[in-house]
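In case you want the letters, here they are:
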Amino acid sequence: MNSVNKIAMLMCFALPALAQAGESAIKWHDFKDYRDVRESNQGKASYHKHIASSIEEHVAKLAEQLPKDYKLSLEITDVDLAGDVRYGGINEIRVVKPIYFPQLKLNYSLTNDKGEVISAASDVKLKDMGFMDKIKMGRDGPFNYEKRLLTEWFGEEILPKLD
């Protein structure tokens, strides 16, 4: 076998051993009760599903950094998406300006492999008033500002609890 094949084979066996297997769960409230999850040109129900699936997928990726069998449980109590929906001719569009910064409110708990609570808090308020001043890394995706808010919180609040 040439060296490329050997490296590929080694990675196939080594990477799963290095992978961590933390998991996450998110509980959502009724989207009608959130501050700003207003859709622009999409059906309300499909837009709310899109928000939930995007955030859940992102948090699941973050949870992969947790040790095996650790679980991060979030309850999203309020959402205020970056931007504000305005009329743009016959269509509505979400206008993103610095005064419409993203905000999330949540409760969380982090449990270890024995089910013991390592960290928990209620009424955690996340906001980023300087969200437009930060350097963008990579491509923008849906709900990028809210995902970055969660990523920063995860790095500052959750990961240090693992030491």
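Residues numbered from 1 in each chain as written. Predicted model: local features only at pLDDT ≥ 70, side-chain atom pairs only at ≥ 80, totals over all residues. Heavy atoms only, no water.

Undergrad: How should the nonpolar core be read in this particular structure?
TA: Inside soluble globular proteins, nonpolar side chains tend to come together where they are buried. With 31 residues, the main nonpolar core has Trp 28, Ile 51, Leu 72, Leu 106 and Trp 153 as its most contacted residues. Those elements that provide at least two residues to this core are β1 (23-28), α2 (44-63), β2 (71-80), β5 (103-111), β6 (117-127) and α3 (144-158). Among residues more than four places away in sequence, those in contact with Trp 153 are Leu 72, Leu 74, Leu 106, Tyr 108, Val 124, Leu 126 and Ile 158. (Core = buried A, V, L, I, M, F, W, Y, C linked by side-chain atoms within 4.5 Å. Buried < 20%, exposed > 50% of the residue type's maximum accessible area, 1.4 Å probe, protein only. Helix = DSSP H or I, 4+ residues; strand = E, 2+ residues; numbered from the N terminus. Contact = heavy atoms within 4.5 Å.)

Undergrad: Would you explain empty space enclosed by the protein in this entry?
TA: In this approach a probe as big as a water molecule rolls over the atoms, and the regions it shows empty are the leftover space. Per the counting criterion, the structure on display carries one cavity of 30 Å³ or more. The calculated volume of the largest cavity comes to roughly 40 Å³. Forming the walls of the largest cavity are Trp 28, Ile 51, Ile 55, Ile 76, Val 79, Leu 81, Leu 104 and Glu 146. Counting residues per element, the ones that place at least two in the lining of the largest cavity are α2 and β2. Here the residues of the lining of the largest cavity are counted per class, giving seven nonpolar, no polar and one charged. (1 Å grid on protein atoms, 1.4 Å probe; cavity = no way out; pocket = protein on both sides within 12 Å on 5 of 7 lines; lining within 4 Å. Points joined across faces, edges and corners; volume = space filled by probe spheres on them. Nonpolar A, V, L, I, M, F, W, Y, C, P; charged D, E, K, R; others polar.)

Undergrad: Quick question: what am I supposed to make of the sheet that holds β1 here?
TA: In sheet architecture, strand pairing relies on hydrogen bonds along the backbone and comes in two forms, parallel and antiparallel. Across the sheet, which stays open at both edges, the four strands sit in the order β1-β2-β5-β6 with mixed pairing between neighbours. Strands at the two margins of the open sheet, each flanked by one partner only, are β1 and β6. Pairs of neighbouring strands in the sheet enclose a mean axial angle of 15 degrees, with direction left out of account. Pairing analysis gives eight bridges linking β5 to β6, with the strands arranged antiparallel. Bridging from a neighbouring strand, Leu 106 pairs with Val 124 of β6. Contacting β1 and β2, α2 crosses the sheet at an angle of about 150 degrees to β1. In the packing of α3 onto the sheet, contacts are made with β2, β5 and β6, and the angle to β5 comes to roughly 40 degrees. (Pairing = 2+ DSSP bridges. Axes fitted to C-alpha atoms, helices over the stretch in contact; angles between N-to-C directions.)

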